[in-house]
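# Observations on the model geometry
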Amino acid sequence: MAAAGRLLALLAPLAWARPGGGAAPAGGGWQAGAVPEEPRCTVEGADAALSAALFLRRFAFSRPIILRGVTDNSAFRALCTRDKLLAAYGQRLVRLSTANTYSYRKVDVPFQEYVEQLLKPQDPTALGSDTLYFFGDNNFTEWGPLFQQYVPPPFRIPGTSGAYSFGIAGSGSGVPFHWHGPGYSEVIFGRKRWFLYPPDKTPHFHPNETTLAWLQHTYPTLPPAERPLECTVRPGEILYFPDRWWHATLNLDTSVFISTFLG
């Protein structure tokens, strides 16, 4: 009990710590972005000292957390450089979705075409329905060898199993507010800013407005009490979000990321 108390005392300061300071190159041959980073982080954080029992008791069903140093995905990261992915998957088709809350339109293009022609910084005036985004619709037969190299977060919720969704998206892109079941999201290259609200606090947003437009137009008008939990997640960091939590994302750089959805 005393050990758990000491660990809880360490969690609050971690919620405000930002390792590495401001902007950094995206790495892996991916393009760094010009979207400014907000150094303030209001999501609690923990390192490998967090036990599975404390994760379940304090976070799994009630609040998000950023995990640092709980896995080593350096081998997976080495396979996710721009050159390595183009060499392995360049001619294979990937399915793109529109970057709005309700993604109905799907477009299939060769991975090389997506990377070299479509993977560009977000146009601030574009609607979500006009923005194509590679995330989630992965062919698990073709991409399986890559996913086999990924080390998932160590914490499990009883009665669930994990399913991977891999994505690559340009600077300024992102998905506007939506919710689903619990899961993890790890950044492999780049930086990804998260905005989160609990299930009983529906955010103010338009489902076809991009996260970048929401950040520019709506976010500055929010009173402090109505602002979301938020934090920028960097390579090697994992954000856990509980069931039915509203969340939106904004890629500050060209970002490579993988989510583990628990269902």
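In this text, all values refer to a predicted model and were calculated from it rather than measured experimentally. (Residues numbered from 1 in each chain as written. Predicted model: local features only at pLDDT ≥ 70, side-chain atom pairs only at ≥ 80, totals over all residues. Heavy atoms only, no water.)

## A look at the overall build of the chain
Using the following cut-off: Runs of H or I in DSSP of at least four residues are treated as helices and runs of E of at least two as strands, each being numbered from the N terminus. Residue contacts follow a heavy-atom distance rule, with two residues in contact if any of their heavy atoms lie within 4.5 Å.
The helix and strand tally for the chain stands at seven helices and 12 strands. Look at the contacts in the chain between residues 6 or more apart in sequence, and 82% of them connect residues 24 or more apart.

## Brief notes about the side chain of Asn251
Applicable threshold: Partly exposed describes any residue whose relative accessible area lies between the buried limit of under 20% and the exposed limit of over 50%, with all areas from a 1.4 Å probe on protein chains only and scaled to the type maximum. Counted as a polar contact is a pair of N or O atoms within 3.5 Å, where, for protein atoms, one must be capable of donating a hydrogen and the other of accepting one, and residues adjacent in sequence contribute only when both atoms are in side chains.
Counting through the fold element by element, Asn251 comes out in strand S11 (residues 246–251). The exposure class assigned to Asn251 is buried, which follows from its relative accessible area of 0%. In this structure the side chain of Asn251 is engaged in a polar contact, spanning 2.7 Å, whose partner is the side chain of Lys192. Aside from chain neighbours lying at most four places away, what touches Asn251 is Val35, Tyr133, Ala169, Gly170, Ser171, Gly172, Ser173, Gly174, Arg191, Lys192 and Phe257.

## Let's talk about the pattern of salt bridges
Formally: Salt bridge, as used here: a side-chain nitrogen of Lys or Arg that lies within 4 Å of a carboxyl oxygen of Asp or Glu.
Counted under the stated rule, the structure contains 10 salt bridges. Of the charged contacts, one joins Arg63 and Glu44 as a salt bridge, the two residues approaching to 3.1 Å between their closest N and O atoms. Of this pair, Arg63 sits in the loop between helix H2 (52–58) and strand S2 (65–68) while Glu44 sits in the loop between helix H1 (2–14) and strand S1 (45–46), and the two are 19 residues apart along the sequence. Given a relative accessible area of 16%, Glu44 falls into the buried group. For Glu230, the salt bridge is made with Arg193, and the minimal N-O distance between the two is 2.6 Å. On the criterion of sequence distance, the pair formed by Glu230 in strand S9 (residues 229–233) and Arg193 in strand S8 (residues 192–197) is long-range, its members being 37 residues apart. Judged by relative accessible area, which is 0%, Glu230 ranks as buried. What makes Arg193 buried here is its relative accessible area of 6%.

## A closer look at the packing of helix H4 (residues 82–89) against helix H5 (residues 111–118)
The criterion, for reference: Under this scheme, a helix contributes an axis fitted over its contacting stretch, all axes are lines through C-alpha atoms, and angles between N-to-C directions fall in the 0 to 180 degree range. Gly counts as polar in this scheme, as do all residues outside two lists: the nonpolar Ala, Val, Leu, Ile, Met, Phe, Trp, Tyr, Cys and Pro, and the charged Asp, Glu, Lys and Arg.
Remark: H4 packs on H5, axes separated minimally by 8 Å, with the N-to-C direction vectors making an angle of 145°. Packed against H4, whose contacting residues are Arg82, Leu85, Leu86 and Tyr89, the element H5 presents Phe111, Gln112, Val115 and Glu116 at the interface. In terms of residue class, the contact of H4 with H5 is built from five nonpolar, one polar and two charged.

## Re the packing of aromatic side chains
Each aromatic ring pair is characterised by the separation of its centres together with the angle its planes make. Basically, it comes down to this: Here the aromatic set is Phe, Tyr and Trp, taking the six-membered ring for Trp, and pairing holds for ring centres within 6.5 Å; pairs whose planes are under 30 degrees apart are stacked, those over 60 apart are edge-to-face, and all others are tilted. We call a charge positioned over a ring when the NZ of a Lys or the CZ of an Arg lies within 6 Å of the ring centre and within 35 degrees of the ring normal.
Scanning all chains against the criterion turns up 29 aromatic pairs. On the numbers, 6.3 Å between centres and 20° between planes, the contact of Phe55 with Tyr184 is stacked. With Phe55 in helix H2 and Tyr184 in strand S7 (residues 183–189), this pair connects stretches of sequence that are 129 residues apart. Counting every residue linked through ring pairs, the aromatic cluster contains Phe76, Tyr89, Phe111, Tyr114, Phe134, Phe140, Trp143, Phe147, Tyr150, Tyr164 and Phe166. Sitting over the ring of Phe257, Lys192 keeps its end group 3.6 Å from the ring centre. Seen from the ring of Tyr219, Arg227 lies directly overhead, with NZ or CZ sitting 4.4 Å from the centre.

## Remarks on the nonpolar core
What tends to happen in soluble globular proteins is that the nonpolar side chains get buried as a cluster. This is how the line gets drawn: Side-chain atoms within 4.5 Å are what join buried Ala, Val, Leu, Ile, Met, Phe, Trp, Tyr and Cys residues into a set we call a nonpolar core.
Of all hydrophobic cores here, the largest spans 25 residues; its most connected members are Leu85, Phe111, Trp143, Phe166 and Ile168. Of all the secondary-structure elements, those providing two or more residues to this core are H4, strand S3 (93–98), H5, helix H6 (144–147), strand S6 (162–169), S7 and strand S12 (255–262). When near neighbours in sequence (up to four residues on either side) are disregarded, Leu85 contacts Trp30, Leu79, Cys80, Gly90, Phe111, Trp143, Leu146, Phe166 and Ile168. By size, the runner-up hydrophobic cluster in this structure holds 15 residues, among which are Ile65, Phe155, Tyr184 and Leu262.

## Topic: the sheet that holds S1
Within a sheet, adjacent strands bond to each other through the backbone by hydrogen bonds, running parallel or antiparallel. Put simply, the test is: Between any two strands, at least two bridges found by DSSP are needed for them to pair.
Spatial strand order, S1-S2-S10-S7-S12-S6-S5-S3-S4: nine strands in an open sheet with mixed pairing. At either end of the open sheet lies a strand with only one pairing partner, and these are S1 and strand S4 (106–110). The pairing of S6 with S12 spans eight bridges and is antiparallel. Note on S12: the bridge partner recorded for Ala169 is Ser255. Sheet strands touched by H5: S3, S4, strand S5 (132–135) and S6. Its angle to S4, the strand with the most contacts, is close to 95°.

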